[in-house]
Every structure is written in C-alpha cells, then in structure tokens.
Amino acid sequence: MKPRLFTPGPTPVPEETLLELARPVTYHRAPEAKAILAEVSEDLKYVFQTSQPVYTLTCSGTGGMEAAVSNTLAAGEKAILCTAGRWGERWRGILKAYGANIVTVEVPYGKAVTPEMLEKALKDNPDTKVVFSTLSETSTGVGHDLEGYGKVVAKTDALLAVDGISGVGAMECKMDAWNLDVVVTGSHKALMMPPGLAFVAASAKAWKKIDATPVRNFYFDLRRYRKSLAESDTPFTPGNTLIRAQRVSLKRIRAEGIENLWARHARIAAACRAGVEAMGLKLFAERPNNALTVIAVPEGVEGTATLKAMEKKYGFKLADGQDTLKNHIWRLSHMGYTDAFEVLGALSALELVLGEGGFKLDAGAGVAAFQKAYAAGK
Ligand SMILES: *Cc1c(COP(=O)(O)O)cnc(C)c1O
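The numbers attached to residues start from 1 for each chain and follow its sequence in the written order. Local features in this predicted model are restricted to residues of pLDDT 70 or higher, and side-chain atom pairs are both shown and tallied only at a pLDDT of 80 or more, whereas totals for entire chains, interfaces and linings draw on every residue. As a rule here, side-chain values come from all non-hydrogen atoms in the structure, and water together with hydrogens is ignored.

Asks: Before we go on, may I ask you to explain the sheet that holds strand S11 (residues 282-283) in this structure?
Replies: Paired through their backbone hydrogen bonds, the strands of a sheet run either parallel or antiparallel. Spatially, the four strands line up as an open sheet ordered S11-S12-S15-S14, and their pairing is antiparallel. Here the strands that pair on one side only, and so sit at the sheet edges, are S11 and strand S14 (319-320). Paired strands are those between which DSSP finds at least two bridges. Put simply, DSSP marks the helices as runs of H or I at least four residues long and the strands as runs of E at least two long, and each gets a number from the N terminus on. The sheet contact formed by strand S12 (residues 292-296) and strand S15 (residues 329-333) spans five bridges and is antiparallel. Looking at S15, one finds that Ile-295 is bridged to Trp-330. The contact rule is simple, with two residues in contact once any of their heavy atoms fall within 4.5 Å. Angles shown run from 0 to 180 degrees and are taken between the N-to-C directions of axes, each axis being a line fitted to C-alpha atoms and, for helices, limited to the stretch in contact. Contacting S12 and S15, helix H12 (residues 340-356) crosses the sheet at an angle of about 155 degrees to S15.

Put into structure tokens, the structure is as follows:
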C-alpha cells in the first residue's frame, strides 16, 4: 500500500528536494553555503512578499514565534492576543513565559477574530505594543483577514505579529502591502520541506521596537541574525542540509509563481469544500482557509476510528482534532506539494470508509462535486 500524507504539517516533499537531502553533508561556513543561504533568503522575500530580509532559524515553527515575542516585547508590556484555536493558544503560552501583560480577543474554535474586534481592543488599550495573530489557524481550518488587521494596526503605534505557519505559501499573504510587522513561518507546512527550519521577517517599524527592547534571549536574538545575514551567514550552526533542500523547494515555488500557487490552493480548497458538503458533511470553519479543509465529524460516527480505518485500509493519513477537538473533526491538508487528484483520492477514501461504517451517503457524490467545482474554478 502507498502511504499518503494529508496532515497539516508535515506535508509531502517533492522528489528533487528529497534527493538533495540525500547528498553529502558540507561545511556551513564555506562560500558555497553562504551563497545558498543568500539565495534562500532572496526567495523567501518573494514568498513573504517583502523587501525586508527573511531570517532562517534552525528550529520548528514555535522557535520563530518565540523569537517574535522575545524580541519585540519587554517584560510587563501590553500585548493583544487574537486567538481562535490551539495556535493562538501557542502565542499565549510564549507570551506568559516572557511575562507579557496579555489582553485577549477570543472566539470559540471554528470562528474567526474579525478586524472590528481587534479595532475595539486597540481602542480600549492604546498602550498596546504588539498584536499577535494567526493567518491560518491550523487547528480549526479558519483563515484570518490579515489584510484587515493590518489596516487597523497600521494606524496605531502597535506592531502586528503574524503566525504564518501553514498559511504562508498556501494562501494570499503580502507582508509589506498589508502592513504586517513580524511574519513567522516554518519549513514543513506549505513550503514543501521536512520540519526543522523557521523563517522570520520584521518591518522597519518592528526593527525600531526591537532595537529599543532589552535583549531577553540568546539563541533567538534577531539582532544576531540581522548582523550575520548581512554577510550571508548565520550566528550559530544552521541546519545547512535543510537550507540546501529548502533552496530546491523554493525554486519550485518560484517557477510556479506565488499568485499561481495561491490560485492553485484556492481552486483545490473550493473543490474540496464542495466535495465535503456533497457528502452530507459539514465544514468546521466559518471562514475556511485554503491550506486545509476541516470537516466536522457527523453525529453517530467515531472520528478517530474512521481516520484509523482510512490509514490502515487505504494508506491515507489525515489528522485528528487536537485536545478537546479530538474525535470531533477531521483535518485534510491540501497545502504545498499536493495536487487536485490526491485530494480527490482522499475524498474518495473518506467516502469508502464512511460507507463501510454504515454512514448513509451517495457513493461518489463527493468525488463528483469535487470534479464539478474544480472544473468551474480556474
Ligand atoms: C504547525 C503550526 C505551528 C507549530 O509549529 P511547530 O513547527 O510544531 O513548532 C504553529 N502555528 C501554526 C498555525 C501551525 O500550523
């Protein structure tokens, strides 16, 4: 049986990138390594849609989030936390660890925090230094209106920090045009790579605040990365084999073109949602994003057992809900190196397993709706 990965991180990796990972380890301070880092940094600027340098950190996505918090906030300073799920809660955990004064804008899982809600919180808290937000809330499938947030925050002295892990490279996100001050992402979501690298960029407004904030960390001190990257280098030993491989996946993204890539994700996501609804299932997210589709487990169906059966019988690995959502949702990723026919296959496998479990559905209805919606999209 062929294993097929549909989890929202890690995600499938293209063959040419895997082959690069198989090549011998090289020295990270060699001129060739510096040239590769410089090239990766340029391509990341394109992916982030920014003219600012993008720093490569050797850690998972959370390390990049920790860098965002610890570099922009002094202890006791006020932060607005927009949270709509587990990844918003990840911000909260880091903010607590660094002693931030947290004001929370919170919605139930499945809902989205609107720019209006953020605007009110900023009015009520004019002393806010940084707003923390999530582009793609991977735990619920919600996508946030970061363009709207950017308009609201840009009018204030506060910074807008964005967890773009799973969002950047899957859905439209324009750091400079949208006034996003700190953007973080990771290698293993939409950037077609295994886990191990985080990427962080900061606006001129953010750098001003960073330079005025006492240093509170060592490994994640962004000033060190700024100084090193000016010489195409890193302050510590980087995951240089991963950086080399990321270069290959970024070339694929560049060749496709970022607008085409956003359009591809939008088309597949719309078709997937149509397929899910045609199966008589409900979408979990009120404002679904294009990185993944989150499906509410219907009444009378065992969510976790269904996923296990899909994997065991057909090789399709989808993700369960996390924490309180376990057994209640299914998360189907279509970000990165995933095409329409793979998603079509996943829907087909889900239909088969549900049918075998006695759930009443019209066999093929989801697949047909996917195809119709896909054909209608462009
Ligand atoms: C995966 C994910 C994270 C966590 O990243 P790690 O690489 O596990 O540290 C954070 N935020 C979002 C939105 C994610 O999807």
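Asks: Hey, could you run me through the pairing of S12 in this one?
Replies: Looking along a regular strand, one sees the side chains alternate between the two faces of the sheet. Throughout, exposure labels follow a simple rule: accessible area from a 1.4 Å probe, protein chains only, divided by the maximum for the residue type, with under 20% read as buried, over 50% as exposed, and the rest as partly exposed. In terms of burial, S12 is largely enclosed, as five of its five residues are buried. Here S12 shows no split at all, with Leu-292, Val-294 and Ala-296 on one side and Thr-293 and Ile-295 on the other all buried. Here two bridges tie S11 to S12, and the two strands are oriented antiparallel to one another. Residue pairing for S12: Leu-283 is matched across the bridge by Ile-295.

Asks: Explanation requested: the environment of Ala-22 in the structure shown.
Replies: With respect to the helices and strands, the residue Ala-22 is situated in the loop between helix H1 (15-21) and helix H2 (31-48). Classification of Ala-22 as exposed rests on a relative accessible area of 63%. Placed 223 residues apart in sequence, Ala-22 and Ala-245 show a C-alpha to C-alpha distance of 9.5 Å.

Asks: Before we go on, may I ask you to explain the pattern of salt bridges in this structure?
Replies: Between side chains of opposite charge, pairing is possible as soon as their charged atoms come close. In the sections that follow, a salt bridge refers to a side-chain nitrogen of Lys or Arg positioned within 4 Å of a carboxyl oxygen of Asp or Glu. Taken as a whole and judged by the stated rule, the model has 25 salt bridges. Put simply, Asp-233 and Lys-34 hold a salt bridge, and the shortest N to O gap is 3.4 Å. Residue Asp-233 is located in the loop between helix H8 (222-229) and helix H9 (240-256), and its partner Lys-34 is located in helix H2; the two are separated by 199 residues in the primary sequence. With a shortest N-O distance of 2.8 Å, Lys-313 and Glu-356 are connected by a salt bridge. Of this pair, Lys-313 sits in helix H11 (residues 303-314) while Glu-356 sits in helix H12, and the two are 43 residues apart along the sequence. You can call Lys-313 partly exposed: its relative accessible area is 47%. Each of the salt bridges in this network shares a partner with another, and the network as a whole consists of Glu-39, Asp-43, Arg-247, Lys-251 and Arg-254.

Asks: Before we go on, may I ask you to explain helix H5 (residues 115-124) in this structure?
Replies: For an α-helix the count is 3.6 residues per turn, leaving residues at separations of three or four pointing the same way. Burial in H5 covers these residues: Pro-115, Leu-118, Ala-121 and Leu-122. In a view along the axis of H5, the buried residues occupy a sector of 120 degrees, so they form one face of it. Exposed side of H5, more than 90 degrees from the buried face: Glu-116, Lys-120 and Lys-123 are the residues found there. Where H5 is buried, its residues contact strand S3 (78-83), strand S4 (101-106), strand S5 (128-134) and helix H6 (146-154). Each C-beta atom gives one direction from the helix axis, and the arc is the one those directions make.

Asks: What should I look at first to understand the site of the ligand in this one?
Replies: The criterion for a residue being near a molecule or strand is simple. One of its heavy atoms has to lie within 4 Å of it. Taken together, Ser-60, Gly-61, Thr-62, Met-65, Trp-87, Ser-136, Thr-138, Asp-163, Ile-165, Ser-166, His-188 and Lys-189 make up the full set of residues near the ligand. In this structure, Thr-62 approaches the ligand through a side-chain N or O atom, which is 2.5 Å from an oxygen atom. Definition of a polar contact: a pair of N or O atoms within 3.5 Å, with one able to donate and the other able to accept a hydrogen when the atoms are protein atoms, and with sequence-neighbouring residues admitted only if both atoms are side-chain atoms. Within the side chain of Thr-138, one N or O atom sits 2.5 Å away from an oxygen atom of the ligand. When the ligand sits alone it has 380 Å² of accessible area, and the protein chains cover 90% of it. When residues of the shell around the ligand are assigned to their parent elements, the largest contribution, three residues, is made by helix H3 (residues 61-72). Accessible areas in this description were obtained via Shrake-Rupley with a 1.4 Å probe; residue shielding takes into account the shown protein chains only.

Asks: Can you help me understand unusual backbone geometry in this one?
Replies: Only a minority of non-glycine residues have a phi that is not negative, and only a minority of peptide bonds are not trans. Here the residue pair Gly-9 and Pro-10 is connected by a cis peptide bond, since its omega of -10 degrees sits within 30 degrees of zero. Phi at Asp-323 takes a positive value of approximately 50 degrees, unusual for a residue other than glycine. The topology assignment puts Asp-323 in the loop between S14 and S15.

Asks: What am I meant to see in the sheet that holds strand S10 (residues 197-202) here?
Replies: Reading across the sheet, the seven strands line up as S2-S10-S9-S8-S5-S3-S4 and stay open at both edges, with mixed pairing between neighbours. Only two strands of the sheet have a single neighbouring strand rather than two, namely strand S2 (54-58) and S4. Across the sheet, the mean angle from the axis of one strand to that of its neighbour is 20 degrees, orientation sign disregarded. Across four bridges, the pairing between S3 and S5 is parallel. Considered in S5, the bridge of Ala-79 is made with Val-130. Across the sheet, H8 touches S2 and S10, and the angle it forms with S2 is around 115 degrees.

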